[in-house]
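Coordinates in review
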Amino acid sequence: MSDEQIGPVCYRHPGRETHVRCSRCDRPICPDCMNQASVGWQCPNCVAEGRKTTRQTRTAFGGSMSGSAGLVTKILVGLNVGVFLIGLALAFQAGGVGAQNVLLGGASPLHLFGAMYAGPVMPLSDGFVLAGVASGDYWRLFTAMFLHYGIIHLAFNMYVLWVIGRYLERDLGPGRFLALYVICGLAGNVATYLFADPMSLSAGASGAIFGLFGAMVLVNRKLSRDNSGIYTLLILNLVITFIPGTNISITGHLGGLIMGLAIGFAISYAPRDNRTVVQVCSFVGALALMAAAVVWRTGDLLSQVPIG
């Protein structure tokens with residue numbers, strides 16, 4: 001039997017004859033392994049190696065371009081809605097707390113555990129004691145930003161978050177956007193801890209959302225965009241904040257807004273050569289400043305508790 005002459009075969013699929021070679025490594029590749037390049041075709045291995053050495057495209061502020069998908073915004077909306085549903089479910093099980101009351105703006109058992117309350121203690125009508133941040137419930141500074149009073153409160157905040165969150169996440173990248181959101185939410189609750197009535201309960205994503213408004217003003221200015229629409233929405237929301245009898249946390253809104261302006265400035269105007277370092281330092285500095293303020297306020301509240 002005469003030997004049949006065999007042509008070159010794909011280096012990844014030895015059973016496939018081919019006459020096409022990778023323009024980078026010169027190995028034979030079959031149609032399933034061919035990736036079009038600027039010149040010729042490349043094999044999967046060379047494409048993967050090329051991606052490692054290619055500088056990834058970044059946003060104007062150094063963030064990842066993956067923020068265009070709005071994934072972090074979607075997760076935040078999902079978390080807020082999920083927490084509300086959990087509170088509603090707990091209201092069904094709790095004696096004396098109706099789900100209808102929670103839907104219309106009442107507090108659920110989840111609010112008693114996680115809403116912003118300075119403390120240190122408050123007796124309730126059913127005999128329980130609600131401990132506060134000054135009593136060691138420091139998680140309230142974080143959890144309060146995911147709790148809402150009623151379906152209208154939730155729907156309004158989630159609509160605004162959905163609209164401006166995706167916008168900012170696209171410009172900043174998911175990491176910077178998430179850091180901005182959390183820090184502004186904390187700032188609103190820390191401001192409430194410092195300046196509001198220590199015996200009041202408050203909750204909501206409004207502090208974080210006002211922070212997004214503040215940051216968006218600086219981002220748009222840096223990118224030479226029109227801010228007239230943002231100014232209109234911001235002024236309208238500030239007017240609503242100060243309407244008497246609305247039970248809106250003024251300190252929470254202003255605290256988030258001021259922090260959003262500060263962090264937005266650091267993100268937008270950080271020098272390009274040290275952009276990431278400056279931005280990270282601004283995040284860490286804001287957290288350190290808030291931690292110091294919380295420590296001071298806790299000592300101040302505890303000093304007011306009668307001994308004996």
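Now for a look at the structure at hand. (Residues numbered from 1 in each chain as written. Predicted model: local features only at pLDDT ≥ 70, side-chain atom pairs only at ≥ 80, totals over all residues. Heavy atoms only, no water.)

**Let's talk about the overall build of the protein**
- A tally of regular secondary structure across the protein gives 11 helices and 2 strands.
- The C-alpha atoms of the protein give a radius of gyration of 27 Å, which is well past the 19 Å a tight globule of 308 residues would have.
- Taken along the three principal axes of its C-alpha coordinates, the protein extends 105 × 45 × 40 Å.
- Residues classed as buried in the protein amount to 43% of the 308 residues present.
- When the accessible area of the protein is evaluated, it comes to approximately 16600 Å², of which 64% is carbon and sulfur surface.
- Here the protein contributes 20 positive and 14 negative side-chain charges, whose respective centroids are spaced 7 Å apart. (Helix = DSSP H or I, 4+ residues; strand = E, 2+ residues; numbered from the N terminus. Rg over C-alpha atoms; globule rule 2.2 N^0.38 Å. Buried < 20%, exposed > 50% of the residue type's maximum accessible area, 1.4 Å probe, protein only. Areas by Shrake-Rupley, 256 points an atom, 1.4 Å probe, with all protein chains shown as cover. Lys, Arg positive; Asp, Glu negative; His and termini not counted. Charge placed at Lys NZ, Arg CZ, Asp CG, Glu CD.)

**A few points about the packing of aromatic side chains**
- Within this structure, the stated rule accounts for 4 aromatic pairs.
- A cation sits over an aromatic face here: Arg27 above Tyr11, 4.0 Å from the ring centre.
- Stacked on the ring of Tyr167, the Lys or Arg Arg170 has its end atom at 5.1 Å from the ring centre. (Phe/Tyr/Trp six-rings, centres within 6.5 Å; stacked < 30°, edge-to-face > 60°. Lys NZ or Arg CZ within 6 Å of the ring centre and 35° of its normal.)

**Section: helix H6 (residues 150-172)**
- With 23 residues, H6 extends 31 Å between its outermost C-alpha atoms, agreeing within 8% with the 33 Å of an ideal straight helix rising 1.5 Å per residue.
- The axis of H6 is deflected most strongly, by about 30°, at Gly165.
- What H6 keeps buried is the set Gly150, Leu154, Asn157, Met158, Val160, Leu161, Ile164, Gly165, Leu168, Glu169, Asp171 and Leu172.
- Residues of H6 that are buried make contact with helix H2 (71-93), helix H3 (99-103), helix H7 (174-195), helix H8 (206-222) and helix H10 (250-269).
- After H6 finishes, the residue Gly173 shows a positive phi value of roughly 90°. (Expected span 1.5 Å × (residues − 1). Bend = angle between axes of the 7 residues up to and from the residue. Contact = heavy atoms within 4.5 Å.)

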